[in-house]
Amino acid sequence: MSQFWKAWEKRKASLRAAVLDQHANKSMESVPDTILSSSLEENIALLEKQLGKSDDLVVRRFTVKNGTEAAILFIDGMVDRNVVSEYIIRFMTSTSVTYEKTAVNELESTDRLRQTIRNILSGNAVLVLEGQNKVFLNNTRGWERRGVEEPKTESVVRGPRDGFAETLCVNSALIRSRLKDPNLRLKHFVVGQRTQTDIYVTYIEGIAHPPIVQEICRRIEHINIDAILESGYIEQMIQDSRWSPFPQIQNTERPDKVVANLLEGKVAILVDGTPFALVAPAVFSQFYQSPEDYYERFYIATFIRMIRGASMIIALLLPSLYIAFSSFHPEMIPSRLVIAMAAGRSTVPFPSVMEALIMEVAIEILREASVRLPGPIGPTIGIVGALVVGEAAVSAGLVSPVMVIIVALTTIGSFATPSYSAAIAIRMLRFPLMLLAGMFGLYGIMLFIIIILVHLSSLKSFGVPYMTPVSPINLAAMRDMVIRMPFKWLKRRPTMFHPQDEIRKEGRQ
Amino acid sequence: MGQLGKDPQHNTFSLWQMTSIITSTLIGVGILTLPRTTTEKMLEAGWLAPILGSIFAFFVIWLIAVLSRRFPGLTFIQYSPIVWGGHEHSRLGFWLSLPWILIFIGVLFVSTAITSRIFGEVVVTAVLQDTPLEVIIVSMFVLAVFLCLHELDTLARVNEILFPLILFPVLFIAFASFQKAEWNNILPLIRVPLKTAIMGSFETSYSFHGYEIMLIFFAFAHGDTGKVKAGFYGIGISVFVYTLIVLAGIVVFGYEELQKVTWPTLELVKTTQVPGLILERLESAFLAVWVAAVFTTVANGYYALIYSLRQLLKKGMLFQRIASIVLVIPLFFVAIRPQNIVEIFNVTTFLGYTTVWISVVSPLIHWLIMLYRDRGRRTEKRSDAHG
Amino acid sequence: MAKGRVSVCCLLLFLMMSLLTGCWDRRELEERTSVIAIGIDMVEGKKNMYKLTVQIPIPIKIAGSSGQGGGGNKDAVKIMSVTGKTVVDASNNLQQRLNQRIFLGHTRVLAISEEVARRGIDDIIDAFRRDPQIRRLMWPVIVQGKASDLLEMKPGLIQIPVVFLMDLIENGTKMGIIPDQTMGEYLIQTSNETMQPMLNYVKAYKDDVKWKGVAVFRGQKMVGSLNDIQTWPLLQLRDEKRGGDVVVPLPGTKGGYVAFRPHFVTTKLKMNGSHAAGQKHHNGHAVTYFCEVQGDIVEMTQKPQGSPEEVIRMLQKLFKEEMEKRARKMLDILQNQYNSDILKLGLALRGHHYNDYWRHHNWFKDFKEFPIDVKYTVKLRRLGMEMH
């Protein structure tokens, strides 16, 4: 039995690998990695041929002051035209200095075709000279990009207002500008056979646990996919358990959050083309933390964390508790309230499970609709949906008034979670919980909670148990995770990420 | 998955984890009837029974810890053949140790089945009266199987995380009911003859059974953690909880009333009224939270059972998963075997006696043989025996 | 990744199975007939037939419960009566007349008529003890006259009549003037060999209800009752509750009265008698209740003569004597009339004098002859908002 199983697994893996190998040849590797010739025309023809005579490829020929024929090749729209014309063409046509001294930064040369193509495609201008069997790569990247704006998904009352943008170098600069540590390391990877997406694995050497960094790099190198359009692709390719509804890697738009996590010994992954950076390893409790917790005084921060915990419990349990109490254990509701609830329910034609399911699905639809709608209309839909439909449903006798309160509280509770991906997991788990509550009452709720807890305990994120610091218990880390102690007591970094340098600061406050 | 998972720090149990495994295995359905069973013979002094009865448990857990310390990293299944046959006669050792291992597995099997049956019985009588008993039992087994699908370190973490969830409701109920205490109920301190008291305490000692799973789980302790310490902490906490709940039962009800109710702890919950709490009758909530306590008892026992089988047959994780699913079927039939509540309590009492003897005799014999062998070897070679 | 797949499959299978098989215990709020009070009477003219009266609130008729309906509070509850040989028999008959299943989880009051109580209520209580829906914190009361009268009264202040009684008792226990006699307490007292049970004793009128004291039991049979004035010393001695105000004529005045309100009561039970074994009979066994009462003067219809110090001393003596008199009266009734230890004295004796007294005596019989004394200490603390 087990032999068979193993063989089957092996075969499937080899098939998968074979398919991916085939795909891999189609993209950049299809470009022959030949050495360029010394003829200008030949090189231009070669490059044009490889790019399929694409119409946005600009080939601008000119003569250098010393008489050499030259051409500059770039993709229209991806380069800063000002730089190309002012600093390369005009400079080279008017002065007789050698080409190595153009004013553009990052001037490199190569004689490889594949590297040349890759540079053209990533927005660099390629200078080809007659008689040289190599080309010069100029960093002229300058396409239209969104500037640094306030993060949309993680807003804070107090705290920096800048968020990541879609450009990798901007994002890494945002981190660098906050963390002037010479030990900050950015490791470059290129992932995706067709998209050739740039990725930075960022960590602080001397704090981050080297095996964790190595493991992350190893997993990124093993990614075999044709396109990376968002960091979510990376997240799903390198996470530990793909069956889990819970996010095992944190994503954030906030540079301050990334820096704080780097300082705890975690590793950040920046992906070109998305404002969402990934932070790994992640533990469950950090999805209920916000950078603001550290900007406010500790009483307030601790209190707010408790509120968040309560709202998570409300979002997960409230509808199923309502079902359990009203249809299984009415003796637990105070007598006066039970009569009022029975009166409210007397016209409702469905059992309370159905009532709750219908209302919860409705509210999920409303939520999704208001996310998709253009900005100004979103809130309107919320008002129409929540107020008008809710009120009408109650007066039509379709749902009981208590149910409307429950649904509203549940939804608001789920929005109090700072992390969208954790909130959506909780919202999803609500539904099986409601079904089980409709079958076994409180007993069913507890069954499912135990299943969730077993699952959470079995999860690991890059070797760090997901439920730390609750289990395995880590009292030192609890100071910073569950509650927030004053900085005076936060002298050590949380040990569960195995930081090499445990001391955060020396001496007295 | 990655090499990180193989970090030895992650796959071993800390002191606290072992403590919580022991305590949460011990605290299960027994506590629901404990105030009645202890006062049956000891009358007002019933709360002394857990304390006296625990002496036994302390002794056995010490034996188990000592055995495990002698064979670090090995479970009972692995070291029993070594004890019986030494390294030279491994085949003989295997056959000699087989009966002990089989008895161990058998006891785990029956007690797991009966525990889930009793819990099903409570749920069906007190909360879900129209739900078939079988459904409750099966749902409990589903949870146990779900845990068995995971690695061993998950078990430790689950116990750790459920530990407060088990302790909190009992402590809450006990302390809340002290408000209604009638302290004259525990007087006179001892009126029964000493012999009866000892018999009564001995009967209580079977409410401590469950620690025998540490024959397996002590093998996975961190190298330097005190196993004896963990065992003593674990049993100590259980003794504290047991004593507290029996004391609460006696001072609130008096022993006469305790004899009349089937589930005294549940009745204790019924009399508890928390001012300012929105909810009125807490017994359904208590039973729901108590699922966690019963789950840890059933699932830990079942996990130990499956893991022993896996080691006995020298199989891997896949076998564990398949076996845990397959074995549920006979387990279920054992669980529904007793016909009524009286029969169940008879089985529990019988099982209690047997478990106590087996869990004492088996480690004791192993320990004695080991002492004998060690002595022989020492005189022979003057060198340390197998480590 | 076999683990993930297997566990997901398992969970799905379990979920599907349970979904397909259904939900056995699910019964919505409106699918239950919540009985809020039960009354038990004898059927007139028939032996061994009980009449069970129940009070069922009608949710939509309760004002303020939902938008529609409300008002018309005359019919906020439905009252039904059935007969049967036992309680369960009668409730089966009741079920046959109801469209939804009877739900006893919200039963707050069990009214038993005095007639039934005097015949013994052990057969009635058994059904309530077995049913898991029944609260241990339910209020059983003995009704002077017919129990159904209590359920049929219309207090007007509140829509569900029985809630009126419930609030009355609950507030009374909070104030310390009504004993906290719940179902659970009653059950404990019946099973405990050292004490006798008691229950609150009420009388129903057409539109309200009055608390009349406690019904005293011997075994499970009611043997008589204590009125309110006699119950308060019981509360002071047994539970250290404060009891009601003491109103007595003020000496030295013409028709003047003075009222004393106890606030804090501490009672110490002093037990005399040797611990030495081997002695027969209670030679020297006796108990004395030392009860210290602190309280205020709340009314003085005429002013007494003398300096304030003298007045206070005089009043303290006056109340001490009055309260001792009342307590002795209560003890006298319990010992000589009813021979029923509802004081929990036996429990204390068993606890402290097990070998030298308890083993040689049958408390059930001997309570009558046991010497009990009461000593009060009254401490006047304040005179209210008025000096003098």
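Residues numbered from 1 in each chain as written. Chains lettered and ligands numbered in written order. Predicted model: local features only at pLDDT ≥ 70, side-chain atom pairs only at ≥ 80, totals over all residues.

Peer 1: Before we go on, may I ask you to explain the overall build of chain C in this structure?
Peer 2: Looking only at helices and strands, one finds eleven helices and 14 strands in chain C. Counting all 388 residues of chain C, 40% fall into the buried class. Excluding contacts between residues fewer than 6 apart, the proportion of contacts in chain C whose partners are at least 24 apart in sequence is 68%. (Helix = DSSP H or I, 4+ residues; strand = E, 2+ residues; numbered from the N terminus. Buried ≥ 20, exposed ≤ 12 C-beta atoms within 10 Å, placed from the backbone. Contact = placed C-beta atoms within 7 Å.)

Peer 1: Got a minute to help me understand the overall build of chain A in this structure?
Peer 2: Secondary structure assignment for chain A yields 17 helices and twelve strands. Along the three orthogonal principal directions, the C-alpha set of chain A runs to about 100 × 60 × 60 Å.

Peer 1: Any chance you could explain the sheet that holds strand S2 (residues 37-42) of chain C here in plain terms?
Peer 2: Hydrogen bonds between backbone atoms are what pair the strands of a sheet, whose relative direction is either parallel or antiparallel. Residues and elements named next belong to chain C. Taken in spatial order, the eight strands make up an open sheet running S4-S3-S2-S6-S7-S8-S9-S10, and their pairing is mixed. In the strand order of this sheet, the two ends are held by strand S4 (77-84) and strand S10 (221-226), each with one partner. Each adjacent strand pair in this sheet contributes to an overall mean axis angle of 30°, direction not counted. Here helix H9 (residues 308-338) sits on the sheet and contacts strand S9 (209-218) and S10; the angle it forms with S10, its principal contact strand, is near 155°. (Pairing = 2+ DSSP bridges. Axes fitted to C-alpha atoms, helices over the stretch in contact; angles between N-to-C directions.)

Peer 1: Please clarify how the interface of chain C and chain B should be interpreted in this entry.
Peer 2: Think of interface size as the accessible area that goes away when the parts come together; that is how it is often given. Facing 22 residues of chain C, the contacting portion of chain B comprises 29 residues. Sorting the residues of the side of chain C that touches chain B by element identifies helix H1 (2-21), helix H7 (183-191) and helix H10 (345-352) of chain C as the ones contributing at least two each. Broken down by element, the side of chain C that touches chain B gets its largest block of residues, five residues, from H1(C). Each residue belonging to the side of chain C that touches chain B can be placed in one class, and the counts come to eleven nonpolar, six polar and five charged. (Nonpolar A, V, L, I, M, F, W, Y, C, P; charged D, E, K, R; others polar.)

Peer 1: Explanation requested: the nonpolar core in the structure shown.
Peer 2: Here is a general trend for soluble globular proteins: nonpolar side chains tend to be buried in one another's company. Membership of the largest hydrophobic core comes to 319 residues, with the highest contact counts inside it found for A:Ile445, A:Ile450, B:Leu143, B:Phe217 and C:Ile112. When residues of this core are assigned to their parent elements, the largest contribution, 18 residues, is made by helix H12 (residues 283-312) of chain B. Per-domain counts for this core show at least three residues from each of domain 1 (29-227) and domain 2 (245-382) of chain C. Counting 22 residues, the second-largest nonpolar core is a separate cluster that includes A:Ile88, A:Val128, A:Leu129 and A:Leu137. (Core = buried A, V, L, I, M, F, W, Y, C linked by C-beta atoms within 7 Å. Domains from an automatic or database assignment.)

Peer 1: Can you help me understand the interface of chain B and chain A in this one?
Peer 2: Counting residues at the interface gives 37 residues for chain B, matched by 32 residues for chain A. When residues of the side of chain B that touches chain A are traced back to their parent elements, those giving at least two are helix H1 (15-26), helix H6 (133-148), helix H7 (152-177), H12 and helix H13 (317-326) of chain B. Take the side of chain B that touches chain A: its biggest share by element is seven residues, from H12(B). In terms of residue class, the side of chain B that touches chain A is made up of 21 nonpolar, eleven polar and five charged.

Peer 1: Can you walk me through the sheet that holds strand S14 (residues 372-382) of chain C in this structure?
Peer 2: Residues and elements named next belong to chain C. With mixed pairing, the four strands of this open sheet are ordered in space as S11-S12-S13-S14. Edge positions in the open sheet fall to strand S11 (246-249) and S14, since each of these has one partner strand only. Put simply, the sheet's adjacent strands are angled 35° from each other on average, direction ignored. Where strand S12 (residues 257-272) meets strand S13 (residues 286-300), 14 bridges bridge the pair, whose relative direction is antiparallel. Paired with Thr-267 across the bridge in S13 is Cys-291. Packed onto the sheet, H9 meets S11, S12, S13 and S14 and runs at close to 145° relative to S14.

Peer 1: In this structure, what is going on with the pairing of strand S9 (residues 267-271) of chain A? I would like to understand it.
Peer 2: Two faces belong to every sheet, and in a regular strand the side chains alternate between them. All names here are of chain A. Most of S9 sits out of view: five of its five residues are buried. Burial along S9 is two-sided: the residues Val-267, Ile-269 and Val-271 and Ala-268 and Leu-270 are all buried. Pairing of strand S7 (residues 197-204) with S9, which is carried by four bridges, proceeds in the antiparallel orientation. Bridged to Ile-199 within S9 is Val-271. Strand direction decides the pairing type here: S9 and strand S10 (residues 277-280), joined by three bridges, are antiparallel. Bridge pairing links Ala-268 to Val-279 in S10. The loop that links S9 with its antiparallel partner S10 comprises five residues; one of these, Gly-273, has a positive phi angle of about 95°.

Peer 1: Would you mind going over H9(C) with me for this structure?
Peer 2: Side chains that are three or four residues apart share a direction in an α-helix, a result of its 3.6 residues per turn. Residue and element names in this part refer to chain C. With 31 residues, H9 ought to run about 45 Å at 1.5 Å a step, and its terminal C-alpha atoms sit 43 Å apart, in line with that. Turning to H9, its buried residues are Val-311, Leu-315, Phe-319, Met-323, Arg-326, Ala-327, Met-330, Leu-331, Leu-334 and Tyr-338. In the stretch just after H9, Asn-339 is the one whose phi turns positive, near 50°. (Expected span 1.5 Å × (residues − 1).)

Peer 1: What should I look at first to understand the environment of A:Asn139 in this one?
Peer 2: Within the secondary structure, A:Asn139 sits in the loop between strand S5 (135-138) and helix H5 (168-178). Remark: the alpha-carbon pair of A:Asn139 and A:Ile120, spanning 19 residues in sequence, is separated by 9.9 Å.

Peer 1: Looking at this model, I keep getting lost on the domain arrangement of chain C. Mind explaining?
Peer 2: Residue and element names in this part refer to chain C. Looking at the assigned domains, one finds that chain C contains domain 1 (29-227) and domain 2 (245-382). One C-alpha centre belongs to domain 1, the other to domain 2, and the line joining them spans 33 Å. Taken together, the contact pairs ten residues of domain 1 with 14 residues of domain 2. Elements with a minimum of two residues in the side of domain 1 that touches domain 2: S9 and S10. Residues of the side of domain 1 that touches domain 2, tallied by class, amount to six nonpolar, three polar and one charged.

Peer 1: When you look at helix H6 (residues 161-175) of chain C in this model, what are you seeing that I'm missing?
Peer 2: Residues and elements named next belong to chain C. Here H6 spans 21 Å end to end across 15 residues, near enough to the 21 Å set by a 1.5 Å rise per residue. Residues of H6 that are buried include every one of Pro-161, Val-162, Val-163, Leu-165, Met-166 and Ile-169, and no others. Downstream of H6 by a residue or two, Gly-176 has a phi angle that is positive, lying close to 85°.

Peer 1: I tried to follow the packing of helix H10 (residues 298-327) of chain A against helix H12 (residues 352-372) of chain A on my own but got confused; where do I start?
Peer 2: In helix packing, the relevant descriptors are the interaxial angle and the interaxial distance, both defined with respect to the helix axes. Residues and elements named next belong to chain A. Orientation of H10 relative to H12, taken along the N-to-C sense of each, is 160°, at an axis distance of 9 Å. Taken as axis vectors, H10 and H12 run roughly antiparallel relative to one another. Helix-helix and strand crossings are classified by hand; for H10 and H12 the assignment is right-handed. Contacts between H10 and H12 pair Pro-319, Tyr-322, Ile-323, Ser-326 and Ser-327 from the former with Ser-352, Val-353, Ala-356 and Glu-360 from the latter. Here the residues of the contact of H10 with H12 are counted per class, giving five nonpolar, three polar and one charged. (Parallel < 35°, antiparallel > 145°, perpendicular 65-115°, else oblique. Left-handed = near helix turned anticlockwise from the far one by under 90°.)

Peer 1: Even after reading the chapter, I still don't get unusual backbone geometry, so can you show me in this structure?
Peer 2: Residues apart from glycine generally show negative phi values, whereas peptide bonds are mostly found in trans. Of note, the amide linkage connecting A:Ala280 to A:Pro281 takes the cis form, showing an omega dihedral of -10°. With respect to the element layout, A:Pro281 can be found in the loop between S10 and helix H9 (292-295). Cis rather than trans, the peptide bond between B:Leu187 and B:Pro188 has omega equal to -10°. For B:Pro188, the location among the structural elements is in the loop between H7 and helix H8 (194-204). Backbone geometry at A:Gln196 places phi at a positive 50°, although glycine is not the residue there. Structurally, A:Gln196 can be placed in the loop between strand S6 (184-191) and S7. The class for A:Gln196 is partly exposed, based on 16 C-beta atoms found within 10 Å. The backbone of A:Phe462 shows a phi angle near 50°, a positive value even though the residue is not glycine. Along the chain, the position of A:Phe462 falls in the loop between strand S11 (460-461) and strand S12 (464-465). Residue class for A:Phe462 comes out buried when judged on the 26 C-beta atoms lying within 10 Å of it.

Peer 1: Please clarify how the confidence of the model for chain A should be interpreted in this entry.
Peer 2: Low pLDDT marks stretches whose predicted atomic positions should not be read closely. Residue and element names in this part refer to chain A. Predicted confidence across chain A gives a mean pLDDT of 83, with 91% of residues reaching 70 or more. The lowest-confidence element of chain A is helix H1 (residues 2-24), averaging 57 in pLDDT; the highest-confidence one is S9, averaging 94. Across residues 22-26, confidence stays below pLDDT 50; counting only partners more than four residues off in sequence or on other chains, it has five contacts. (pLDDT = per-residue confidence, 0-100.)

Peer 1: What am I meant to see in the packing of helix H2 (residues 30-42) of chain B against helix H10 (residues 227-260) of chain B here?
Peer 2: All names here are of chain B. At a minimum axis distance of 9 Å, the contact between H2 and H10 shows a crossing angle of 60°. One way to sum up the angle between H2 and H10 is to call them oblique. Along this stretch, H2 crosses H10, giving a crossing that reads as right-handed. Within the contact between the two elements, H2 uses Ile-31, Leu-34, Pro-35, Arg-36, Thr-38, Thr-39 and Glu-40 and H10 uses Tyr-242, Ile-245, Val-246, Gly-249, Ile-250, Tyr-255, Leu-258 and Gln-259. Taken together, the residues that form the contact of H2 with H10 break down as nine nonpolar, four polar and two charged.

Peer 1: Can you walk me through the environment of C:Glu28 in this structure?
Peer 2: Looking at the element boundaries, C:Glu28 is found in the loop between H1 and strand S1 (32-34). Not counting chain neighbours up to four residues away, the residues in contact with C:Glu28 comprise A:Ser326, A:Ser327, A:Arg345, A:Pro351 and A:Ser352.

Peer 1: Sorry if this is basic, but what is going on with the confidence of the model for chain C here?
Peer 2: Residue and element names in this part refer to chain C. Mean pLDDT over chain C: 84, with 89% of residues reaching 70 or higher. When pLDDT is averaged over each helix and strand of chain C, the minimum, 64, is found for H1 and the maximum, 93, for strand S6 (residues 109-113). Note on residues 65-73: pLDDT is under 50 here. Beyond four places in sequence and across chains, it has 17 contacts.

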